[in-house]
Structures are given as structure tokens and as C-alpha cells.
Amino acid sequence: MVVIDAAADAPPECPIGTTAFCSSNALVTCDGSGQVLGTETCVLGCNTTETRCMKVDPSNSFASFFDEAAGSTDLVLSGATTIDTDAGTIVDQSGTRTPLTSQPGAVLVIKVKSFTTGGIITVQGTRALVILSGGDVVIDHDINVNGRGEINGPGAIVNNAACRGGTPAASNANGGAGGGGGGFGTAGGSGGTGGSPVIAAGTAGAIAGNAELIPLRGGCPGGSSSYATANHFPGGAGGAVQIVSGTSIALGAGAAILANGAGAKGPSNQIFCLVDNPCGNGHGGGAGGGVLLEAPVVTMDATAGIFANGGGGKCGVFGSAQSGQRSTSAASGQTCGADTGSGGNGAATGIAAQNGANGLNDDPVGGGGGGGMGRIRVNLPLGTTFTPGGSVSGVLSQGTLQTR
């Protein structure tokens, strides 16, 4: 004989005079006379103190801004978009967009009811980017906070001597040394030695920051070479972006979040070297930046990606090293030969940043070191595991989504 427990499946009852109460992970609303008006499943649990569903508590003290996002408007972008974090502007193919924004400290906060890309988003400026959405975030295109040439991405840390690639002493008559690659999630590569007497290489940028990305920050740029030559620059570091949703973040087919470091940069016009003179200029590559995602659900299409790779180091008198890749492959350092050491490759998942090669023979010039990887953090509800369907390259960690 099977006994059916009718009480287990019965709808909750409202005590007289009660307008709402928590029943396990559901919020039950009542009319005060004992009748149930509705039941809402609380994805993050029910707050028994305030009798409401729990809300996301974003990292970096953005709770008050997140609450304002629910009362903002849906932001559906149209075509290619530029976000300037210093000016606080968002411009797409339809013109200037005006959702709620704030600029507390070193970040631009965009507050929206929901967020949908419409084309590639290029982010510029010195402030890191924060997108707070009460509802779904749909990313079907690239969001780009890369370092670009000598320009650091938004939110990069420019003046931290520990993680910035080191700059060696000035060159001498017989050559010079290479600058170190920038560090962040992993260390950069050191530069190569050069000169005679030998000049010590620029030091590698060190590991910096923390896995939680609190505070939100990007990577560190590469160091300069011994030569202070016009039109030669270390690679800029990747910037930082934090995206928070009260419901879900979805990276669609072919979409990517890019926070790569740039390759060290030289002039594009070909320059010829004099025989029996030092030839080369070894600047370091920039480190990858920071990507922080927080939501009850984060999904990625198999063709989507999140990349925070390091840029390559350079060595030549013209041309540039490769910037951090939109893949899990390492950026190539610039290749040189004879007395000039090659630049180091940038870091990518499973691949450490490479040191710049030492200069050789009688006119030695050291190559620049490659940049280290950045950090990628995904915060999800307790008991949930982030299993990226697409490609991820950077120091990846997962934490628990905080609620309130």
C-alpha cells in the first residue's frame, strides 16, 4: 500500500496578516487574509530577514550601483560600438547612447536593465569598465579591452615598478640590453643582456594583484630597452572589465572578451644598419589584463572565448612583435639574428613568457622579454562549477557569487 503525503505537495499557506514569507527557496506573497497571491522561485535563495529573494552582491563594492541597474533601461547596441571610459560615452551606429553611468574612482560603471551587443565593442580610456545588468547579458560580438601598441588598455596598471617590465641601464658604444615583459597573472620574461661591458637585462615584471580581481585592475606594460629611441615603445598592458548580471551572462557563437597585452612596437619603415655598429632595439611586451564575470549562470558557446594573453618582445630597428592572440596560442616575439638577440614570446595558457635572447659577439643587443598572462575570474553560486564551452587563455579561477 502506497501512502501519499498530501501535505508535501500542498501549496504553502499564508498566516493571517502576512503579506510575504520565505518557503525554502521560494518567496510566497499573500493578501493578508490567508490567501496565496503568488510564488516566486528564488534562484539565489530567499532572504528571510527582509522577506525577498536574495540579490547578487557584486565584487568591488558595486551593490548600490547594481540596485540602480534594475531601474534603468535595456541597452541593445547597434553595430560597432566605442566606449570611452574617461569621457563616460557610449557611441554605436545609432549615435550616442545614454544609460545610467557612474565614474567612482578608477572605473566607469554602466547600469542597465539588460545588455545586448550589436557589433564589436572597442573600449578606450584609462578607467576600467564595469557593466552591471539587472537582467540578461548577451554577448554575441567581441568586447575589446586589449592593449594596443604602446597604449595601455583601460584599467591597466601603468606605474607599478614590481609588475612593470624592468628597464636596463643606458646603452654603451657596443650595444644595449632588452627590457623585461610586463607581469600580472604570470610573470613576464626578462630582457636579454647586451653591450660591452655587459649591461644587465631588464627584469621580468612580477606576478601581481589577486585571483579575485579586487580591486578591479588590468596588467602591467613592458619595459623599455637601453636605447631611448624615437618611435620605439614597450607593449601596452591589457585592460580590465567586470560584467555582472542578476540572471545570466551568455557568450554566443564567435564572441570573445579580449584583454590581451600588446607586442612591443617599432616604426614600420625599413631601417638599415651600419656594419660593425650595434643594431636593434629590444622593448618588452605588455601583460594580459583582467576579466571578472559574476552571475547566477555563465555560459559560453563552443566557438566563444575569453583571452588575456601576453604580448611579444621586440628586437629590431623596425617592425613590431605580435600582440596577445585571440586564441590559446602564444604571441611571437620579433626574430632577429647575428649580434641581436630575438624578442621573447608572450605567455598563453600552458606557455610561460619567454626571456629576450642575449646579444652576441662584438656589438650585442638584447631582445625584449614577452608579457605575462592576465587573470580571468568567474563567480557563480555555491556548488556550481564553471565549465567553459569555448576557449579560455589566462590565469582562470572560480569563486562563489556573493549574495545579500
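Quick note: structure is the one above.
Residues numbered from 1 in each chain as written. Predicted model: local features only at pLDDT ≥ 70, side-chain atom pairs only at ≥ 80, totals over all residues. Heavy atoms only, no water.

1. Section: unusual backbone geometry
Part 1: Note the cis peptide between Ser196 and Pro197, where omega equals 0 degrees.
Part 2: Checked against the element boundaries, Pro197 lands in the loop between strand 16 (143-144) and strand 17 (240-245).
Part 3: Looking along the chain, the bond that leaves Ile214 and enters Pro215 is cis, with omega of 0 degrees.
Part 4: Looking at where Pro215 falls in the secondary structure, it is placed in the loop between strand 16 and strand 17. (Helix = DSSP H or I, 4+ residues; strand = E, 2+ residues; numbered from the N terminus.)

2. Side note on the environment of Ser61
Part 1: As for its placement among the helices and strands, Ser61 is situated in the loop between strand 5 (52-53) and helix 2 (63-69).
Part 2: Between the alpha carbons of Ser61 and Ile214 there is a distance of 9.5 Å; along the sequence they are 153 residues apart.

3. Overview of the packing of aromatic side chains
Part 1: Inspection of every chain in the model, using the stated rule, returns 1 aromatic pair.
Part 2: Both rings, one in Phe62 and one in Phe65, keep their centres 6.3 Å apart while their planes meet at 45 degrees; by these two values the pair is tilted.
Part 3: Residue classification places Phe62 among the buried positions, given a relative accessible area of 6%. (Phe/Tyr/Trp six-rings, centres within 6.5 Å; stacked < 30°, edge-to-face > 60°. Buried < 20%, exposed > 50% of the residue type's maximum accessible area, 1.4 Å probe, protein only.)

4. Remarks on the sheet that holds strand 19 (residues 256-258)
Part 1: The 8 strands are arranged 9-8-7-13-16-19-22-24 in an open sheet whose pairing can be described as mixed. Each edge of the sheet is formed by a strand with only one pairing partner; in this case those strands are strand 9 (95-97) and strand 24 (391-393).
Part 2: Note: strand 13 (residues 121-124) against strand 16, 2 bridges, orientation parallel. Bridge assignment links Thr122 to a residue of strand 16, and that residue is Asn144. (Pairing = 2+ DSSP bridges.)

5. Digging into the nonpolar core
Part 1: Counting 36 residues, the largest nonpolar core has Ile139, Ile243, Ile249 and Ile257 as its most contacted members.
Part 2: Among the nonpolar cores identified, the runner-up in size contains 15 residues, and Phe66, Val107, Val130 and Leu216 belong to it. (Core = buried A, V, L, I, M, F, W, Y, C linked by side-chain atoms within 4.5 Å.)

6. Considering the side chain of Ser72
Part 1: Relative to the helices and strands, Ser72 is located in the loop between helix 2 and strand 6 (74-76).
Part 2: With a relative accessible area of 12%, Ser72 lands in the buried category.
Part 3: Those residues in contact with Ser72 that sit more than four places away from it in its chain are Leu100, Lys111, Val112 and Lys113. (Contact = heavy atoms within 4.5 Å.)

7. What to know about the sheet that holds strand 10 (residues 100-102)
Part 1: Strand order across the open sheet formed by 7 strands is 10-11-14-17-20-23-25, with mixed pairing between neighbours. Whereas interior strands pair on both sides, the edge strands pair on one side only; in this sheet they are strand 10 and strand 25 (395-400). Mean inter-strand twist for the sheet, computed between neighbouring axes without regard to direction, equals 15 degrees.
Part 2: As paired strands, strand 10 and strand 11 (residues 107-112) are joined by 3 bridges and run antiparallel to one another. By the bridge assignment for strand 11, Thr101 is matched with Ile110. (Axes fitted to C-alpha atoms, helices over the stretch in contact; angles between N-to-C directions.)

8. Side note on the pattern of salt bridges
Part 1: This structure, assessed with the given rule, holds 8 salt bridges.
Part 2: A salt bridge links Glu50 to Arg52, with the nearest nitrogen and oxygen atoms 2.8 Å apart.
Part 3: Of the residues examined, Arg52 reaches a relative accessible area of 19% and is grouped as buried.
Part 4: In this structure, the salt-bridge partner of Lys55 is Asp67, at a minimum N-O distance of 3.3 Å. Here Asp67 lies in helix 2 and Lys55 lies in the loop between strand 5 and helix 2, a separation of 12 residues in the sequence.
Part 5: Lys55 sits in the partly exposed class, given a relative accessible area of 28%. (Salt bridge = Lys/Arg side-chain N within 4 Å of Asp/Glu carboxyl O.)

9. Re the state of the cysteines
Formally, a disulfide is one covalent bond, and it connects the sulfur atom of one cysteine to the sulfur atom of another.
Part 1: Within the structure shown, the criterion is met by 6 disulfides.
Part 2: For Cys14, the disulfide goes to Cys30, at an S-S distance of 2.0 Å. What sets the handedness of the Cys14 and Cys30 disulfide is the S-S torsion sign, and at about -75 degrees it is left-handed. Here the residue Cys14 occupies a position in the loop between helix 1 (6-9) and strand 1 (20-23), and Cys30 occupies one in strand 2 (residues 26-30), the gap between them amounting to 16 residues. Accessibility classification places Cys14 together with Cys30 in one group, the buried group.
Part 3: Here Cys273 connects covalently by a disulfide to Cys279, the sulfurs 1.6 Å from one another.
Part 4: The partly exposed category is assigned to Cys273, whose relative accessible area is 36%.
Part 5: The connectivity of the disulfide bonds within the protein can be written as 1-3, 2-5, 4-6, 7-8, 9-10, 11-12, using the sequence rank of each bonded cysteine. (Disulfide = S-S within 2.5 Å.)

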